[in-house]
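Structural features, examined
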Amino acid sequence: MSTHDSQQVVKVWDPLVRVFHWSLALFFTVAYLTEGDFETVHFYMGYGISALILFRLLWGIIGPKYARFTNFVTGKEKVVSYLKSLLTGNAEHYVGHNPAGGIMVVALLLMLALTCFFGMALIATDNIGPLAGTFVASFNEDLVKELHEICANGTLALVFIHLAGVVVSSLLHRENLIRAMVTGVKVIGAKKSKVETVKGENHV
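Residues numbered from 1 in each chain as written. Predicted model: local features only at pLDDT ≥ 70, side-chain atom pairs only at ≥ 80, totals over all residues. Heavy atoms only, no water.

Under an unreviewed UniProt entry, the name given to the chain is Cytochrome b/b6 domain-containing protein, and the organism recorded is Amphritea pacifica. In its Subcellular location (unreviewed entry) section, the UniProt record describing the chain reads: "Cell membrane". (UniProt positions renumbered as here; feature names shortened; annotations may be inferred.)

Packed helices, taken two at a time, are described by their axes: the angle between them and the distance between them. Where helix α4 (residues 76–88) meets helix α5 (residues 99–124), the closest approach of the two axes is 8 Å, and the angle between their N-to-C directions is 125 degrees. One element, α4, and the other, α5, form an angle in the oblique class. Residues Lys78, Val79, Tyr82 and Leu83 of α4 touch α5, and the partners they reach there are Pro99, Ala100 and Ile103. (Axes fitted to C-alpha atoms, helices over the stretch in contact; angles between N-to-C directions. Helix = DSSP H or I, 4+ residues; strand = E, 2+ residues; numbered from the N terminus. Parallel < 35°, antiparallel > 145°, perpendicular 65-115°, else oblique. Contact = heavy atoms within 4.5 Å.)

Glancing now at the UniProt feature "transmembrane region" (unreviewed entry) in the chain. As annotated by UniProt and renumbered to match this structure, "transmembrane region" (unreviewed entry) occupies residues 12–32, 44–62, 103–124 and 152–172. When the span residues 44–62 is considered, its composition is 100% helix and 0% strand, and the gap between its end C-alpha atoms is 27 Å. Taken end to end, residues 103–124 is 100% helix and 0% strand, and its two terminal C-alpha atoms sit 31 Å from one another.

A word on the side chain of histidine 42. Relative to the assigned elements, histidine 42 resides in helix α2 (residues 39–62). A distance of 2.6 Å separates a polar side-chain atom of histidine 42 from the backbone oxygen of alanine 31. (Polar contact = N/O pair within 3.5 Å; in protein donor to acceptor, adjacent residues only side chain to side chain.)

With that out of the way, let us pick up a negative patch on the surface. Side chains of Glu35, Asp37, Glu39, Asp126, Glu141, Asp142, Glu146 and Glu149 sit close together on the surface and give a patch of like negative charge. It is helix α6 (residues 141–173) that contributes the most residues to the negative patch, four residues altogether. By secondary structure assignment, the location of aspartate 37 is in the loop between α1 (15–34) and α2. For aspartate 37, a relative accessible area of 59% gives the class exposed. (Patch = residues over 30% accessible without salt bridge, like charges linked within 9 Å, V, L, I, M, F, W, Y side chains within 5 Å. Areas by Shrake-Rupley, 256 points an atom, 1.4 Å probe, with all protein chains shown as cover. Salt bridge = Lys/Arg side-chain N within 4 Å of Asp/Glu carboxyl O. Lys, Arg positive; Asp, Glu negative; His and termini not counted. Charge placed at Lys NZ, Arg CZ, Asp CG, Glu CD. Buried < 20%, exposed > 50% of the residue type's maximum accessible area, 1.4 Å probe, protein only.)

For the rest of this paragraph, the subject is the packing of α5 against α6. The contact between α5 and α6 brings their axes to 8 Å, and the two run at 155 degrees. Taken together, the axes of α5 and α6 lie roughly antiparallel to each other. The chirality of how α5 crosses α6 is left-handed. Among the residues forming the contact of α5 with α6, the class breakdown is 16 nonpolar, six polar and two charged. (Left-handed = near helix turned anticlockwise from the far one by under 90°. Nonpolar A, V, L, I, M, F, W, Y, C, P; charged D, E, K, R; others polar.)

Have a look at this one:
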């Protein structure tokens, strides 16, 4: 543990969470940009995203402290209270995901899952992919295509909101959240958050 009078270096994001995060960002970007032009690449990016979602759901149950859903998925009241506190500049600091960040994780996973499902349902109408030959293949192709595009664009909108939240939180709490997702650690002021004083905290 390396602790100074004014700050602590705390391990937050484990290697698998970081690999998941940046892989998902890469796969979604490539999938979005290749839609309609490079279908094979687009398909495999979709499969990759699906695999990442399944991994994250599992890791959210059995992973380390800050990866678990129980650590950052909170009730609606806590999310609303946190968002209101942002407007006053007095938002409580969290070592892991704050309540708004937690609900964003859930929203992104859900929207990505829907995007992947409708994407696989779309190619299933042409008897291609893992859903070919199932009842999904009987869905209306035009409707499924529209839903796939709506979900993909919805995911993109959530990504922009997520990035805005990262910027706001980084400025408000004077921490580099992007660097933390690369290195896995946060440098936190000793009085910034009550969370750091909890026994058993994993410091570097």
